[in-house]
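Tertiary structure, described
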Amino acid sequence: MLLLDHPLAFLPFEVLMVGLLFLCFRHALPFGAPAMFKLTSGVVFGILLEWATIEQLNAYQYGTQYLLMVDTVPIAVGIGWGVILYSAMLLTDNTNLNPWLRPVADALLALNIDVAMDAIAIRAGMWDWGKGLEHDYFGVPYENFWAWFWVIFCFSLSYRISYRLTIKYHVAIAPIVAIPLSVCGVLITNRIIVSYIPETHTLAVIIGVLLTALAMVFYNKPQLISHNIDPLAAWVPLCFHAAFLLLGMLTGVIFEHQILMLISLVMIGITLYLHRHALFKD
């Protein structure tokens, strides 16, 4: 059993995030400034959006056992957003999807991680939604999945548009422009779901948005245009899945609802299938 009340209980998670950041930087380095700035801006965006969301909604708070924090936000969480964004965009940039659909696919790839992660994380005390462990989706508000979708979508779309519209100076301008645009987009979608959609319709709206996004991607029959995609695209989500599955097993929290184990394994299976060409090259 892990000692989750220890002051450094979440240090393994922080080390994992730093490790994934290092791998992403190593991957980005040969591609020069565009890739390096994209990764860096994703991390900065992650920290800012967490801080802004907490200030806006005060809907959740993080545990006090994190070693490195920026105000109320663990730096490791910001890194997590950055590496998820980087790896998702790495995969979709190697598909035949229309560039305007790639942000939608990026958001769905990120949701694959959170569906398995969040319910375990709150039981381990990594963050707290303040609504108990039986609220909505095993203690995770349904609105969280709406937020995850729009967080990834807003950054991916803002970055891609900025990169296309600022041809001459896109390397420097796209990351700078994408950060405030993305944060504003997330805050707006947060406000919509909280203030303008009746609580009785919240779940239906969220399911409708996510199913529509999934249908749009499937309708366009995504395929890889290159089978030489770097395995990093797979290792980032797989590391998240493995880490939280292990955390759930070591703490025993995943056995409180055995369906959480099933969900984790299904999400891992989906990840392996989506990244099979990167992991199992001929």
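So, a few notes on the structure that sits alongside this text. Since this is a predicted model, take the numbers as computed values, not measurements. (Residues numbered from 1 in each chain as written. Predicted model: local features only at pLDDT ≥ 70, side-chain atom pairs only at ≥ 80, totals over all residues. Heavy atoms only, no water.)

**What to know about the side chain of Ser41**
Inspection of the secondary structure puts Ser41 in helix H2 (residues 33-57). Residue Ser41 is classed as buried on the basis of its relative accessible area of 4%. The residues touching Ser41, leaving out its near neighbours within four places in the chain, are Phe155, Pro175 and Ile179. (Helix = DSSP H or I, 4+ residues; strand = E, 2+ residues; numbered from the N terminus. Buried < 20%, exposed > 50% of the residue type's maximum accessible area, 1.4 Å probe, protein only. Contact = heavy atoms within 4.5 Å.)

**So, the nonpolar core**
Generally speaking, soluble globular proteins have nonpolar side chains that are buried together. Judged by nonpolar contacts, the single largest core of 95 residues is most densely connected at Phe45, Met126, Trp127, Phe149, Phe240 and Phe244. Examining the composition of this core, we find that 14 residues originate from one element, helix H4 (residues 102-123), more than from any other. Excluding residues within four positions of it along the chain, Phe149 makes contact with Val104, Ala107, Leu108, Leu111, Val209, Leu210 and Ala213. (Core = buried A, V, L, I, M, F, W, Y, C linked by side-chain atoms within 4.5 Å.)

**A few points about the packing of H2 against helix H3 (residues 75-92)**
It is at 7 Å that the axes of H2 and H3 come closest, and there the two elements cross at 135°. Judged by the angle between their axes, H2 and H3 are oblique. Here the hand of the crossing between H2 and H3 comes out right-handed. Two secondary-structure elements touch here, H2 through Ala35, Lys38, Leu39, Gly42, Val43, Phe45, Gly46, Ile47, Leu49 and Glu50 and H3 through Val77, Gly78, Ile79, Trp81, Gly82, Leu85, Tyr86 and Met89. For the contact of H2 with H3, the class distribution of residues is twelve nonpolar, four polar and two charged. (Axes fitted to C-alpha atoms, helices over the stretch in contact; angles between N-to-C directions. Parallel < 35°, antiparallel > 145°, perpendicular 65-115°, else oblique. Left-handed = near helix turned anticlockwise from the far one by under 90°. Nonpolar A, V, L, I, M, F, W, Y, C, P; charged D, E, K, R; others polar.)

**Looking at the packing of H4 against helix H9 (residues 258-274)**
At a minimum axis distance of 10 Å, the contact between H4 and H9 shows a crossing angle of 155°. On the basis of the axis angle, H4 is roughly antiparallel to H9. As for the relative orientation of H4 and H9, their crossing is left-handed in sense. Between H4 and H9, the contacting residues are Leu109, Asn112, Val115, Ala116, Ala119, Ile120 and Arg123 on the first element and Leu260, Ile263, Ser264, Met267, Ile270, Thr271 and Leu274 on the second. Tallied by class, residues from the contact of H4 with H9 come to ten nonpolar, three polar and one charged.

**Quick look at the pattern of salt bridges**
By the definition in use, this model includes five salt bridges. Between Asp106 and Arg160 there is a salt bridge whose closest N-O contact spans 2.9 Å. Taken as a pair, Asp106 in helix H4 and Arg160 in helix H5 (residues 143-165) lie far apart in primary sequence, 54 residues in all. Where Arg123 meets Glu256, a salt bridge forms, and the shortest distance between an N and an O atom there is 3.6 Å. Taken together, the residues Arg123 in helix H4 and Glu256 in the loop between helix H8 (232-251) and H9 connect sequence positions 133 residues apart. (Salt bridge = Lys/Arg side-chain N within 4 Å of Asp/Glu carboxyl O.)

**Concerning empty space enclosed by the protein**
This model, assessed by the stated rule, comprises three cavities of 30 Å³ or more. Estimates place the volume of the largest cavity at around 90 Å³. Lining the largest cavity are Ile84, Ser87, Ala88, Leu109, Asn112, Ile113, Ala233, Pro237, Thr271, Leu274 and His275. Counting only elements with at least two residues in the lining of the largest cavity, the list comes to H3, H4, H8 and H9. (1 Å grid on protein atoms, 1.4 Å probe; cavity = no way out; pocket = protein on both sides within 12 Å on 5 of 7 lines; lining within 4 Å. Points joined across faces, edges and corners; volume = space filled by probe spheres on them.)

**With respect to the layout of surface pockets**
Of the pockets and cavities examined, the largest pocket occupies roughly 1,100 Å³. As for the largest pocket, its lining consists of 32 residues, and the residues nearest its centre are Leu108, Leu214, Phe218, Ile270 and Leu274. At the level of elements, H3, H4, helix H7 (202-219), H9 and helix H10 (276-279) are the ones that each hand at least two residues to the lining of the largest pocket. The element contributing the most residues to the lining of the largest pocket is H7, with eight residues. A breakdown of the residues in the lining of the largest pocket according to their chemical character gives 25 nonpolar, six polar and one charged. Of the volumes computed, that of the second largest pocket is approximately 770 Å³. Forming the boundary of the second largest pocket are 39 residues, of which Tyr60, Trp129, Pro141, Glu143 and Asn144 lie nearest the centre. Counting residues per element, the ones that place at least two in the lining of the second largest pocket are H2, H3, H4, H5, helix H6 (170-196) and H7. For the lining of the second largest pocket, the element with the most residues is H5, which contributes six residues. The residue inventory of the lining of the second largest pocket, partitioned by class, reads 25 nonpolar, seven polar and seven charged.

**Some details on the packing of aromatic side chains**
The full count for this structure, using the stated rule, is 16 aromatic pairs. With a centroid separation of 5.1 Å and 90° between ring planes, the pair formed by Phe149 and Trp150 is classed as edge-to-face. An aromatic cluster is built from Phe10, Tyr60, Tyr62, Tyr66, Trp127 and Trp129, whose rings are joined through pairwise contacts. Arg164 extends its terminal NZ or CZ atom over the ring of Trp100, reaching a point 6.0 Å from the ring centre. Sitting over the face of the ring of Tyr273, Arg276 holds its NZ or CZ atom 4.0 Å from the ring centroid. (Phe/Tyr/Trp six-rings, centres within 6.5 Å; stacked < 30°, edge-to-face > 60°. Lys NZ or Arg CZ within 6 Å of the ring centre and 35° of its normal.)

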